[in-house]
Amino acid sequence: MPKNLRNGNFRGRGGRNYGGDRFYDNSSDIGPNHGHDDRTERGGEWNDRNRNDRNMTNVQRRVSFKPFNGGRGKGRITENQMRAHINDDDEAMGGDTFDSGNPRVRMNNRNFDRQRRSGSPIPRGMNSDRNLSKKLMKGAQTSWYEVKIPYGHKYEKNFILRSIQQAISPQVFIPLYYKANDFHASFFVEDYKVASSILQASRTIETPDGRRLTLNVRNNQPPTQMNDQLKMRMKQAMEKRYNPVTKALDLHKFHADPDLSDMFCALARAQIMLAAVDIIAEHIPALEALNLNENRLYMLDHLKSMATKLPHLKILHLAKNRIPYLSTLDSLKNLKLVELNLEDNPLRKQFDDNTAYISEVRKRFPKVIKLDNFELPPPISFDIPEDDMKLPEAKASFLCDANGSDIVRQFLEQYYAIYDSDNRQPLLEAYHEHVMFSHTVNTSHQTNQQKMSVYLSGQRNIKHKTDLDSRCRLLKQGRLQVVSHLSSLPLTKHDLPTFAVDLTLFTPHMLQLTVNGTFKERKGDASSDLLRSFQRTFVIVPANGGFCIRNEMIHINIATRLQEEKCFKPVNSAAMAQTVATPAPVAVPTIAAVPMVPDDNTKLQMIQALSVQTKMTTEWSKMCLQENNWDYQRAEFSFAELHKQNRIPPEAFITN
């Protein structure tokens, strides 16, 4: 008898042992698999070729058509089905794919080996999943990595962490949120290279009882639970990080604070960051500097409230975060920052030109003078700081000459006493024989057109009336036409205490005044009276021992909500006299006019006029007007102030 058959064993090719009812595969270290070898010997030693052919035939018959579910169902199992059956956690990655601490997984391994036969159509490489290539996925922008050690609860925390540190040396890692339960120990790391090194160190660390530690590493984040306890701990951690002298709060790498080592408190989580802002706003409202470096910040949309909750914040550090685009900072653009640090963020790689980078930052934060720890040149802007601009105090009325107060008061009292009556014909005496008159209506919205329909007839808005014939026809000339047109308008009742009067010209030969106020359209029923606002400009000249109107323009609009709240309130009889008797401030509500944006033709004229006046190029004149919202007088003032301070560069002026 051949030597290989002495003890009922036959050693075939490939290192496989066949004996009795047991089958061992030396190429695998999983363990024994049960199965029957129904081959019989024919006439002594077998021919190798016949033996292999027959072996392949039997194995194909057994494996190719045998379902994995114990005989129920049809069809061949796939590699993915087999993998799903034996691997419960497809995210876990470690030195040993199958967690030896899980008895269910060990049973699945043995069941899988019982089903496997030589020549199986399932690739042999599949069984090598036991030793998956030790790779980790580079996580998303906010990814963390969980390290789980089966049976790690049996060993001291210091022993495990010290052993891992020695295994991955010279790399240094910071374990966060270490916990141990009845089955394993676990902690988290936040560095991809460290996580990969720990994964490579799996089963290389020997324990005092002769075991080898399995280190399973996977992409995972610690759980977050926002509650009062966490807020209290956050507050305590912030107290030691706040410097009351500089009014600065250092939240650099806040999640790694030793006082928060047992709680996940990452500011990259929106709910945690919002809670941090609320704590700061409540306890440090005067905060001026905030350091948020190395907090894995990615999206900043939830930080819009910082502009209102931290109004004094001027310095903000966001270095070594994961902010992808500069537009991500748009949610913070209402902050009045003078210093900003964005070093080591992905957004910085989008700019090869440092000048373009600075320009884009200043579009969002125009007052920044220090960026990424570098001093910037002062910005060239016509937007004068509020502290430097000393405007006169607001007044309800303005009188260029106090001597004209009595004349203005008497004129308004007499004029509106007749205008608000049922008969306006006596106004013929108030107008010059060759008076010119026009009226306009605000029709910028469809709703305004409906509410102001009674005033649309005869209105002369040169923005819409572009042809010369219409403009001439709608210009009322002569007192008969003017009074006739005024008589066709609805009956009114003006609220004189709401008037804001500006006397801009007062000479013995002429005076000009503008009146703003509110009035009601009298319908007979007080509940149905319509409330309007108006602005009238009068040019008044002496005539026949008195005064008469030489030119008038009136603009009618819908009353604002503030005007509705203030008008027609009980006042004392001296209110009207106080309004125009003195240029000093009076207790009359002032209604700020809404600035109107001029059309393109008007803008071009304003640019040319400012260029001629200031000797600046058209480009710089346009910039000056744009930054002052196309307010020509403010643009003149801004130019004059900056020119005095020599803050306008020479290239801004026209060279001869």
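Preceding this section is the structure that the text describes.
The structure displayed is predicted, hence computed values, not measured ones.

Definitions and cut-offs
Residues numbered from 1 in each chain as written. Predicted model: local features only at pLDDT ≥ 70, side-chain atom pairs only at ≥ 80, totals over all residues. Heavy atoms only, no water. Helix = DSSP H or I, 4+ residues; strand = E, 2+ residues; numbered from the N terminus. Buried < 20%, exposed > 50% of the residue type's maximum accessible area, 1.4 Å probe, protein only. Contact = heavy atoms within 4.5 Å. Axes fitted to C-alpha atoms, helices over the stretch in contact; angles between N-to-C directions. Parallel < 35°, antiparallel > 145°, perpendicular 65-115°, else oblique. Left-handed = near helix turned anticlockwise from the far one by under 90°. Nonpolar A, V, L, I, M, F, W, Y, C, P; charged D, E, K, R; others polar. Pairing = 2+ DSSP bridges. Arc of directions from axis to C-beta. Polar contact = N/O pair within 3.5 Å; in protein donor to acceptor, adjacent residues only side chain to side chain. Phe/Tyr/Trp six-rings, centres within 6.5 Å; stacked < 30°, edge-to-face > 60°. Lys NZ or Arg CZ within 6 Å of the ring centre and 35° of its normal. Core = buried A, V, L, I, M, F, W, Y, C linked by side-chain atoms within 4.5 Å. Expected span 1.5 Å × (residues − 1).

Trainee: Describe the overall build of the protein chain, naming the residues involved and giving the relevant values.
Mentor: Broken down by element type, the protein chain carries 18 helices and 24 strands. Counting across all 656 residues of the protein chain, residues that qualify as buried make up 40%. Nonlocal contacts in the protein chain, meaning residues at least 24 apart in sequence, comprise 65% of its contacts between residues at least 6 apart.

Trainee: Outline the packing of helix H16 (residues 600-614) against helix H18 (residues 632-644), listing residues and values.
Mentor: Closest axis-to-axis distance for the H16/H18 pair is 11 Å, and the angle between their directions is 30°. Judged by the inter-axis angle, H16 sits roughly parallel to H18. Both H16 and H18 take part in a crossing whose hand is right-handed. For the pair formed by H16 and H18, the contact residues are Met606, Ala609, Leu610, Gln613 and Thr614 on the first element and Tyr632, Ala635, Glu636 and Phe639 on the second. Split into classes, the residues belonging to the contact of H16 with H18 amount to six nonpolar, two polar and one charged.

Trainee: Explain the sheet that holds strand S11 (residues 248-250) residue by residue, including any values.
Mentor: Across the sheet, seven strands lie side by side as S10-S11-S12-S13-S14-S15-S16; this open sheet has mixed pairing. Unpaired on one side and paired on the other, strand S10 (242-243) and strand S16 (374-375) mark the two borders of the sheet. Where strand S13 (residues 315-317) lies against strand S14 (residues 339-341), three bridges are found, and the strand directions are parallel. Paired with Ile315 across the bridge in S14 is Glu339.

Trainee: Explain helix H9 (residues 354-364) to me, and be specific about the residues and the numbers.
Mentor: By the burial criterion, the buried members of H9 are Tyr357, Ile358, Val361, Arg362 and Arg364. Down the axis of H9, the buried side of the element spans an arc of 155°, and every buried residue falls inside it. Residues of H9 that are exposed and point over 90 degrees away from its buried face: Thr355 and Lys363. Looking at the buried residues of H9, the elements they touch are S14 and strand S15 (370-371). Sitting at the amino-terminal end of H9 is Asp353, which places a side-chain oxygen 3.1 Å from the backbone nitrogen of Thr355.

Trainee: Account for the packing of aromatic side chains, naming residues and giving values.
Mentor: The final tally for this structure, using the stated rule, is 17 aromatic pairs. Look at Phe411 and Phe538: their rings are 5.5 Å apart centre to centre, the planes differ by 75°, and that puts the pair in the edge-to-face class. With Phe411 in helix H10 (residues 405-419) and Phe538 in strand S23 (residues 530-543), this pair connects stretches of sequence that are 127 residues apart. What makes Phe538 buried here is its relative accessible area of 0%. Among the aromatic residues, those joined into a ring-pair cluster are Phe411, Tyr415, Tyr416, Tyr419, Tyr431, Phe499, Phe519, Phe534 and Phe538. Here Arg348 stacks its cationic end above the ring of Tyr357, 4.0 Å away from the centre of that ring. A cation sits over an aromatic face here: Arg424 above Tyr419, 4.0 Å from the ring centre.

Trainee: Quick one: what's the story with the pairing of strand S18 (residues 431-441), residue by residue and with numbers?
Mentor: Taken together, the seven bridges between S18 and strand S24 (residues 546-558) define a ladder with parallel strand orientation. Across the sheet, residue Val441 finds its bridge partner in S24, namely Ile556.

Trainee: Can you break down the side chain of Glu552 residue by residue, with the values?
Mentor: Tracing the backbone through its elements, the reader meets Glu552 in strand S24. If we skip the residues at most four places from it in the chain, Glu552 touches Tyr415, Tyr431, Met436, Phe437, Ser438, Arg536, Thr537 and Phe538.

Trainee: Please provide a residue-by-residue account of the nonpolar core, values included.
Mentor: Grouped together as the largest cluster of nonpolar side chains are 47 residues, with contacts concentrated most on Met234, Leu290 and Leu332. Contributions of two or more residues to this core are made by helix H6 (228-241), helix H7 (270-283) and H9. With seven residues, H7 is the single largest residue contributor to this core. With residues near it in sequence (within four places) discarded, Leu290 still touches Leu249, Leu251, Ile280, Met306, Leu313, Ile315, Leu316 and His317. Counting 33 residues, the second-largest nonpolar core is a separate cluster that includes Val435, Tyr455, Leu489 and Phe499.

Trainee: Run through H16, naming residues and quoting values.
Mentor: Three- or four-residue spacings in an α-helix give side chains the same orientation, since the helix completes a turn every 3.6 residues. Here H16 spans 21 Å end to end across 15 residues, near enough to the 21 Å set by a 1.5 Å rise per residue. Considered for burial, the residues of H16 that qualify are Lys603, Met606, Ile607, Leu610, Ser611 and Thr614. An end-on view of H16 places all buried positions within 130° of arc, on one side of the element. Next to the buried residues of H16 lie helix H17 (618-626) and H18.

Trainee: Now, about the packing of H6 against H7: what can you tell me, with residues and values included?
Mentor: The contact between H6 and H7 brings their axes to 10 Å, and the two run at 60°. It follows that H6 is oblique to H7 by the angle criterion. The hand of the H6/H7 crossing is right-handed. Each of Lys231, Met234, Lys235 and Met238 in H6 lies in contact with H7, whose residues at this interface are Ile272, Ala275, Ala276, Ile279, Ile280 and His283.

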